[in-house]
Amino acid sequence: MTFRLAIASLFARALTVGMTILAIALSVALFLGVEKVRTGAKASFADTISGTDLIVGARSGSVQLLLYSVFRIGNATNNVTWESYLDIAARPDVDWIVPISLGDSHRQFRVMGTTQAFFEHYKYRQGRSLTVADGVIMDDLFDTVIGADVASTLGYNVDDPIVVAHGLASFTEHKDQPFRVSGILEKTGTPIDRTVIVSMEAIEAIHVDWQGGAQIPGQSTPADVIRRMELTPKAVTAALVGVESPLQTFALQRAINEYPEEPLLAILPGVALQELWGIVGIAETALLAVSAMVVVTALIGMMATIFSSLNERRREMAIFRAMGARPLTILGMLVFEAMLMAAVGALLGVALLYAGLVIAQPLVDNAFGLWLPIDAPTIREFSVIVGVVCAGAIVSLVPALRAYRMSIADGMMVQT
Amino acid sequence: MLLGESGSGKSTLLSLICGTILPDQGTVNIAGTDVTALSGGARDRFRAEQIGVIFQQFNLLPFGSVMDNILLPLRFAPERRKRTGDAAAEAAHLCTELGLPSDIIQAKANALSVGQQQRVAVARALIGQPPLIIADEPTSALDAGSQAAFLDLLFAQTKAHETSLLMVSHDPRLGERFDRVIRMEGIAQIDRTAA
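Residues numbered from 1 in each chain as written. Chains lettered and ligands numbered in written order. Predicted model: local features only at pLDDT ≥ 70, side-chain atom pairs only at ≥ 80, totals over all residues. Heavy atoms only, no water.

## Thoughts on the overall build of chain B
Our working rule: For the purposes of this entry, the term helix denotes a DSSP run of H or I that reaches at least four residues, the term strand denotes a run of E that reaches at least two, and both are numbered from the N terminus. This radius of gyration counts C-alpha atoms alone. The globule rule is 2.2 Å times how many residues there are, raised to the power 0.38. When checking whether two residues touch, look at their non-hydrogen atoms; a contact exists if any pair is within 4.5 Å. A 1.4 Å probe and the Shrake-Rupley method give the accessible areas. Residues count as covered only by the protein chains that appear here.
Counting its secondary structure elements, chain B contains eight helices and seven strands. Against the 2.2 N^0.38 benchmark of 16 Å for 195 residues, chain B shows a C-alpha radius of gyration of 17 Å, consistent with a compact globule. A principal-axis box enclosing the C-alpha atoms of chain B has dimensions of 50 × 40 × 35 Å. Taking the contacts inside chain B whose residues are at least 6 apart along the sequence as the reference set, 75% of them involve residues at least 24 apart. Accessible area of chain B: about 9,300 Å², with a carbon and sulfur share of 49%.

In structure tokens form, the structure reads like this:
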């Protein structure tokens, strides 16, 4: 009955209690939201590439190679010659190899040259393959397959023409060699969604009339003529490699890193991702710490609310004391009230988080390509709720101990 | 009846009797029990089991129902609770005896009139038949007619429940209605240090 009366007492102070609970709820929603974005971003990055044992590029940094080859962030400082690529491809421990050629763009999207093998071997989200939502994989030299975001952002359909620009953020276009959209890929939640994919030969084809990064004045080779030309690539930006046996991965990596003909770098995608997390880890921790401080602030707000209510509740405490309640019972009631407020606040915070996720999920996906999964609450979320309730109990001890002392001093004398 | 002016130490004496404060020296004996010799917890339990309290302004918990308020002392007094038997039925019975409407039992205390609050406060003190009822100036805010009616009710109930009544008042006119009147100036000397 005492605890029922404590709940009734909370209801009697509905406005201040409600505001306190709301503050806790918002802080918990923020904390868990940051956590969701953090884990969502991590999962999204980790899901981008799967089943690739090594990524090979010109020697630079492993994180840089991972970023430009897989995430289309930044640029390669150098290319890998076609001869080196063929040399690596011919090694007996290489099961498959897929070349990637980057450098050109279409509007705000990167253009990537590759081979048909890319669609066969590129896997994301624990082994899923790319599938075509509409149309087919490139059939002709000037065919292109576009990612889901490219299609939806630019309103492209199969058979629409695409003109590729030279380089990134460039006003110079390969107008003489327009492409045709042959297929649109299913959404993957990876940078592929924002990529225009063409064949390696097509990359060579659109640069036939170019030299030293500029178009040769007055030269425009007709498409039919280009089709009959030898279009073997001269270089690749990077290559995705699958090994025959996982046991051979490190040996192959070492061999490529010590390749005598040119300076190359082979990285394990998982290890490079870990390195990347190591770099962004500090910012990530800082963000989490700030949101944890918001939760602490809300709990201190609750402590202040309980403190400020103590004077007006002296009558209530004196009645309990006169009826035989021990000072410890008064302390227990205040701690129980605080735990209840913290628990309701934390649960409301979780509800706000999920409501926010339902609303924000498509918006965040469209704006940042970040897929925030709406899963059932995890053990971590439950532990946050339990943690908030425990922290609520701890901070409430300060006003509760004051109430304890007041109830001893006041006894059953009602202070009004 | 304990009679004394304001500041004569009446409330302090009540707190001593109830065991919520302890004397610097001497003992406090209630029905053969030296409450000063009891531990803090035992004093609280003794108060809950042995004493029913009626405050000056009745002081019900405003957010609790009439039932909650009447049953509150039993929460801290297991023997009194056992004596009561069916506590809810006893609370309803007390309400009827005190002239409260039968449907009032679930009403919130803050929705009651002053007269109803008086009666609920009496019911709360009487439940479980504690041997002693302490009433701290319960009639001070009432007019003469209401005072008489309230005392009639209180005497009738304490007699029916065979309970002793110790009432504190500063009104000497009420003295004639009590078996015994103790004047504070006759038993206590108040020395107050100037602030």
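## What about the interface of chain A and chain B?
Accessible area lost during the coming together of the parts is what is often quoted as the interface size. Stated formally: Buried area counts how much accessible surface, traced with a 1.4 Å probe, disappears from two parts once they are put together, with both parts' losses summed. Throughout this description, the term salt bridge denotes a Lys or Arg side-chain nitrogen within 4 Å of a carboxyl oxygen of Asp or Glu. Think of a polar contact as two N or O atoms within 3.5 Å of one another; within protein, one of them needs to be a possible hydrogen donor and the other a possible acceptor, and neighboring residues in sequence only count if both atoms come from side chains. Gly is placed with the polar residues, together with every amino acid not listed as nonpolar (Ala, Val, Leu, Ile, Met, Phe, Trp, Tyr, Cys and Pro) or charged (Asp, Glu, Lys and Arg).
Opposite the 26 residues of chain A that make contact, chain B presents 24 residues. Note on chain A versus chain B: buried area summed over both sides is about 2,300 Å², and carbon and sulfur give 68% of it. Joining chain A to chain B, the criterion identifies two salt bridges. Between Asp68(B) and Arg4(A) there is a salt bridge, with the nearest N and O atoms lying 2.6 Å from each other. Here chain A and chain B share four residue pairs in polar contact (both at pLDDT 80 or more) between them. When residues of the side of chain A that touches chain B are traced back to their parent elements, those giving at least two are helix H1 (2-12), helix H11 (314-322) and helix H12 (327-368) of chain A. At seven residues, the largest contribution of residues to the side of chain A that touches chain B is made by H11(A). Looking at the side of chain A that touches chain B residue by residue, the classes come out as 15 nonpolar, six polar and five charged.

## Re the confidence of the model for chain B
Low pLDDT means the predicted atomic positions in that stretch should not be read closely. Here is the rule we go by: What pLDDT reports is the predictor's confidence in each residue, on a scale of 0 through 100.
Across chain B, the average pLDDT comes to 87, with 97% of residues at 70 or higher. The complex model carries a pTM of 0.73, and its ipTM stands at 0.85.

## A closer look at the environment of Glu120(A)
Residues and elements named next belong to chain A. Just so we agree on the cut-off: Only protein chains enter the accessibility calculation, which uses a 1.4 Å probe. A residue is then buried if its area is under 20% of the maximum for its type, exposed if over 50%, and partly exposed in between.
Along the polypeptide, Glu 120 turns up in helix H5 (residues 116-121). The exposure class of Glu 120 is exposed, given its relative accessible area of 52%. For the pair formed by Glu 120 and Leu 5, sequence separation is 115 residues and the distance between their alpha carbons is 67 Å.

## Here we look at the sheet that holds strand E5 (residues 132-136) of chain B
All names here are of chain B. Under the convention used in this document: Any two strands are treated as partners once DSSP identifies two or more bridges connecting them. To get an axis, fit a line to the C-alpha atoms, keeping to the stretch in contact for a helix; angles then go from 0 to 180 degrees between the N-to-C directions.
The strand order across the open sheet formed by five strands is E4-E5-E6-E1-E7, and the pairing between neighbours is parallel. Looking at strand neighbours, the two that pair on one side only are strand E4 (51-54) and strand E7 (182-183), the edges of this open sheet. In the packing of helix H2 (residues 40-50) onto the sheet, the strands contacted are E4 and E5, and the crossing angle to E4 comes to about 75°. The sheet contacts of helix H7 (residues 144-160) involve E4, E5 and strand E6 (164-169), and relative to E6 the element is tilted by about 155°.

## Re the nonpolar core
Here is a general trend for soluble globular proteins: nonpolar side chains tend to be buried in one another's company. Defined as follows: Only buried residues count toward a nonpolar core, which is a set of Ala, Val, Leu, Ile, Met, Phe, Trp, Tyr and Cys residues joined through side-chain atoms within 4.5 Å.
Grouped together as the largest cluster of nonpolar side chains are 73 residues, with contacts concentrated most on Met302(A), Phe320(A), Val388(A), Leu72(B) and Ile134(B). Take this core: its biggest share by element is 14 residues, from H12(A). Residues contacting Met302(A), with those up to four places away along its chain left out, are Thr20(A), Ile24(A), Ala338(A), Met341(A), Ala342(A), Gly392(A) and Val395(A). Listed in part, the 38 residues of the second largest apolar core include Leu60(B), Ala109(B), Leu142(B) and Leu153(B).

## Section: the packing of aromatic side chains
To keep things clear, this is the line we draw: Aromatic rings from Phe, Tyr and Trp, taking only the six-membered ring of Trp, are treated as a pair when their centres fall within 6.5 Å; an angle between ring planes under 30 degrees marks them as stacked, one over 60 as edge-to-face, and anything in between as tilted. Criterion for a charge above a ring: Arg CZ or Lys NZ at most 6 Å from the ring centre, at most 35 degrees from the ring normal.
Applying the stated criterion across every chain yields a total of six aromatic pairs over all chains. Plain terms: the ring middles of Phe142(A) and Phe179(A) are 5.6 Å apart, the flat faces sit at 70° to each other, and that makes the pair edge-to-face. Placement of the pair is Phe142(A) in the loop between strand E7 (132-135) and strand E8 (143-146) and Phe179(A) in strand E10 (residues 179-185), with a sequence separation of 37 residues. Owing to a relative accessible area of 5%, Phe142(A) belongs among the buried residues under this scheme. Given a relative accessible area of 2%, Phe179(A) falls into the buried group. Aromatic side chains Phe320(A) and Phe76(B) sit 6.4 Å apart centroid to centroid with 85° between the ring planes, which places their arrangement in the edge-to-face category. Residue Phe320(A) is located in helix H11, and its partner Phe76(B) is located in the loop between helix H3 (66-75) and helix H4 (78-84); the two belong to separate chains. Phe76(B) carries the same exposure label as Phe320(A), and that label is buried. Following the ring pairs from residue to residue traces out a cluster consisting of Phe118(A), Phe119(A) and Tyr122(A). The ring of Trp277(A) carries the charged tip of Lys42(A) above its face, separated from the ring centre by 5.4 Å.

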